[in-house]
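Examining the three-dimensional arrangement
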Amino acid sequence: GAQLNEKNTNCKTGKRLVFILLCFLALVFLEGCEKEGTIKIGVAVPLSGDFAPNGIAVKNTVMLAADVQNTHGGVLNKKVQVIVEDDVCKPEIAANVASKMVSENVVAVIGHLCDDATIEAMQVYKDKKLLVLSPSAAAPGLTINSGYDNFFRTIPHESAEAKTQVDFIQNHLKADKVAIIHNNGFQEKILATTVKNGLTDKNIEIVLFDSIQTGTDNYIWIVHEIHRSDPDVVVYSGYYPEAAKIISQARKTGVKATFIAGQSVKDPSFIKLCGRFSEGVYVSALDEISLNPLAVKIRQDLELREQDPGNFGFQAHAAAMSLFFAINKSGSIESKKLAAVLRTESIPTTLGKITFDKNGDIEGSGFVMYKVANRKFMKVDW
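Residues numbered from 1 in each chain as written. Predicted model: local features only at pLDDT ≥ 70, side-chain atom pairs only at ≥ 80, totals over all residues. Heavy atoms only, no water.

**Concerning the sheet that holds strand S6 (residues 177–182)**
Here is the rule: Note on pairing: DSSP must find at least two bridges between two strands before they are called paired. In this text, helices come from DSSP runs of H or I with a minimum length of four residues, and strands from runs of E with a minimum of two, each type numbered from the N-terminal end. Axis lines are fitted to C-alpha atoms, over the contacting stretch for helices. Their N-to-C directions set the angle, which ranges from 0 to 180 degrees.
Pairing is mixed across the open sheet formed by 7 strands, whose spatial order is S7-S6-S8-S9-S10-S14-S15. Here the strands that pair on one side only, and so sit at the sheet edges, are strand S7 (205–211) and strand S15 (376–379). When strand polarity is set aside, the average angle formed by the axes of neighbouring strands in this sheet is 25 degrees. For strand S14 (residues 367–373) and S15, the ladder comprises 4 bridges, and the chain directions are antiparallel.

What follows is the structure, given as structure tokens:
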């Protein structure tokens, strides 16, 4: 009897083990099926630091695009899963984020935002042949003679912005003497240099060309240089935290020159930081697309989530839509096939119908000038 009981016990134990093993295998199988039923896309943006507002807006807009896409069956009948990482707009962190994106097996990355971070990350993405669509990295070298067959952007490169500033300074402001300041970042230095060369070609005198150190509070030394050079116009190439400080300190010390800044300054945070001294400041930025019906819908959907598109949200949404379009059109997630679609198709987006040239630059979207008036950025007709 004892032997029989022991035999029954062993039998029951064996059945339990088989049952547990089968459950485990079932879970593994279901998890595998779930993973096979999703397509991962990466979003690499600053979620902390000075540029977090821009990064958060991009993240929110891409998440909205993915959610809407998923309600319509996803892509290739699979759900879109968004993997978000914080690169703080710093090159050394961006490289690590890029490596993590590769390890996550994302199909493509929407990002990065800052040029220095993008350039560093592209070394990783290029080696792995991973598709990248940036909503804001504008350095010409990212597309022109770059060797990056896998890089696209939904923002024009900086030579287009520089030309807008140069034409505005010559034809609208009719300036004779211009001071140019930049933050010594890769992207910002290129923009400043391109503006300098463009103005020089038009026989407009450059009375000051200098750089600043970011992350400090006192820029009185550069304000003194502006006073000394006595320009009609001061062009600043950099981000809004430093622009707000320089302009405020300059106005407080009696600088009367007109200030012009680039698209990274077209942010409500600039007006908040600069206060009354922001009035009259000109900013070059992408043409307003708020009347585009799809852009209107996206803004409304974001407002329901208590969010807004920020500086580059519409560009990020256009990047997401372009990616989804390419996946569905090619029936593939291979970077080479996706790139081929992006280079040949006209894609309806929040920016209107856009195309990409052979270098990966957007066609169909350009820069205009805005002026701060009554604490708002107002488009300038000139």
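Next comes the rest of the write-up.
**Quick look at unusual backbone geometry**
Note the following rule: The rule is simple: take the accessible area with a 1.4 Å probe, protein chains only, and divide by the maximum for that residue type; under 20% is buried, over 50% is exposed, in between is partly exposed.
Residue glycine 111 is joined to histidine 112 through a cis peptide bond whose omega torsion reads -10 degrees. With respect to the element layout, histidine 112 can be found in the loop between strand S3 (108–111) and helix H4 (115–128). Its identity as a non-glycine residue notwithstanding, lysine 129 has a phi of 55 degrees, on the positive side. Along the chain, lysine 129 turns up in the loop between H4 and strand S4 (131–134). On the accessibility criterion, lysine 129 (61% relative accessible area) is exposed. A positive phi angle, near 55 degrees, is found at asparagine 374, a position not held by glycine. Judged by relative accessible area, asparagine 374 falls into the exposed class, the value being 67%.

**Structural notes on the sheet that holds strand S5 (residues 151–153)**
The 5 strands are arranged S2-S1-S3-S4-S5 in an open sheet whose pairing can be described as parallel. Each edge of the open sheet carries a strand with a single partner, namely strand S2 (79–86) and S5. Looking at each pair of strands side by side, their axes are set apart by 25 degrees on average, direction ignored. As paired strands, strand S1 (residues 38–45) and S2 are joined by 8 bridges and run parallel to one another. Bridge pairing in S2 places glycine 42 opposite isoleucine 83.

**Notes on the state of the cysteines**
How we decide: Whenever a pair of cysteine sulfur atoms sits within 2.5 Å, that pair is classed as a disulfide.
Following the criterion strictly, the structure yields 1 disulfide and no others. Paired through a disulfide, cysteine 89 and cysteine 114 show a sulfur-sulfur distance of 2.0 Å. The chirality of the disulfide connecting cysteine 89 with cysteine 114 is right-handed, given an S-S dihedral of about 85 degrees. With a gap of 25 residues between them, cysteine 89 in the loop between S2 and helix H3 (91–103) and cysteine 114 in the loop between S3 and H4 connect regions that are remote in the sequence.

**Let's talk about the pattern of salt bridges**
Condition: Salt bridge, as applied in this entry: a Lys or Arg side-chain nitrogen positioned within 4 Å of an Asp or Glu carboxyl oxygen.
All chains considered together, the criterion is met by 10 salt bridges. Between lysine 163 and aspartate 167 there is a salt bridge whose closest N-O contact spans 2.8 Å. Of this pair, lysine 163 and aspartate 167 both sit in helix H5 (residues 158–171), separated by 4 residues, roughly a single helical turn. A relative accessible area of 16% places aspartate 167 in the buried class. Linking lysine 177 and aspartate 230 is a salt bridge whose minimum nitrogen-to-oxygen distance equals 3.6 Å. In this pair, lysine 177 is assigned in strand S6 and aspartate 230 in the loop between helix H7 (220–229) and strand S8 (233–237), connecting sequence segments 53 residues apart.

**Quick word on the confidence of the model for the protein**
Convention followed: pLDDT measures how confident the predictor is about each residue, on a scale from 0 to 100. Contacts between residues were defined by any pair of non-hydrogen atoms, one from each residue, lying within 4.5 Å.
Mean pLDDT over the protein stands at 90; residues scoring 70 or higher make up 90%. A low-confidence stretch, residues 25–35 stays under pLDDT 50, and its non-local contacts, those more than four residues away or across chains, total 0 contacts.

**Re the nonpolar core**
Nonpolar side chains in soluble globular proteins generally cluster together in the buried interior. Where we set the bar: The term nonpolar core refers to a set of buried residues drawn from Ala, Val, Leu, Ile, Met, Phe, Trp, Tyr and Cys, joined through side-chain atoms within 4.5 Å.
Formed by 69 residues in total, the largest nonpolar core has its most connected members in Tyr125 and Leu131. Not counting chain neighbours up to four residues away, the residues in contact with tyrosine 125 comprise Ala44, Ala98, Met101, Val109, His112, Leu130, Val132 and Asn150.

**Observations regarding the pairing of S4**
Formally: Crossovers are marked right-handed if the path from the first strand over the helix to the second runs clockwise, as seen with the strands pointing away from the viewer.
On S4, burial covers both faces: Leu131 and Leu133 on one face and Val132 and Ser134 on the other are all buried. Across 3 bridges, S3 lies against S4 in parallel orientation. Along S4, the bridge assignment pairs alanine 108 with leucine 131. Considered for its hand, the β-α-β crossover made up of S3, H4 and S4 is right-handed. Pairing of S4 with S5, which is carried by 3 bridges, proceeds in the parallel orientation. Each residue of the ladder has a partner; that of valine 132, found in S5, is phenylalanine 151.

**What about the packing of helix H10 (residues 293–304) against helix H11 (residues 313–330)?**
Formally: Throughout, the term roughly parallel applies to angles under 35 degrees, roughly antiparallel to angles over 145, roughly perpendicular to angles from 65 to 115, and oblique to all others. Residues are sorted three ways: Asp, Glu, Lys and Arg are charged, Ala, Val, Leu, Ile, Met, Phe, Trp, Tyr, Cys and Pro are nonpolar, and all the rest, Gly among them, are polar.
Following both chains from N to C, one finds H10 and H11 inclined at 110 degrees, their axes separated by 11 Å at the closest point. Taken together, the axis directions place H10 and H11 in an arrangement best described as roughly perpendicular. Only Phe314, His317 and Met321 of H11 make contact with H10, whose side of the interface consists of Leu294, Ala295, Ile298 and Arg299. When its residues are assigned to classes, the contact of H10 with H11 shows 5 nonpolar, 1 polar and 1 charged.

**Let's talk about the packing of aromatic side chains**
Our working definition: Aromatic pairs are defined between Phe, Tyr and Trp rings, using the six-membered ring for Trp, whenever the two ring centres lie within 6.5 Å; interplanar angles under 30 degrees are classed as stacked, those over 60 as edge-to-face, and all others as tilted. Placement of a charge over a ring requires the Lys NZ or Arg CZ to be within 6 Å of the ring centre, with the centre-to-atom vector within 35 degrees of the ring normal.
All told, the structure shown has 4 aromatic pairs when counted by the stated rule. Judged by centre distance (4.3 Å) and plane angle (55 degrees), the rings of phenylalanine 51 and tyrosine 239 are tilted. In this pair, phenylalanine 51 is assigned in the loop between S1 and helix H2 (52–71) and tyrosine 239 in the loop between S8 and helix H8 (240–252), connecting sequence segments 188 residues apart. Exposure class is identical for phenylalanine 51 and tyrosine 239. Each is buried. Through successive ring pairs, a cluster of aromatic residues spans Phe168, Tyr282 and Trp382. One residue, lysine 196, lies across the ring of phenylalanine 209, its end atom 4.6 Å from the ring centre. One cation-aromatic arrangement involves lysine 266 over tyrosine 370; the distance from NZ or CZ to the ring centre is 4.6 Å.

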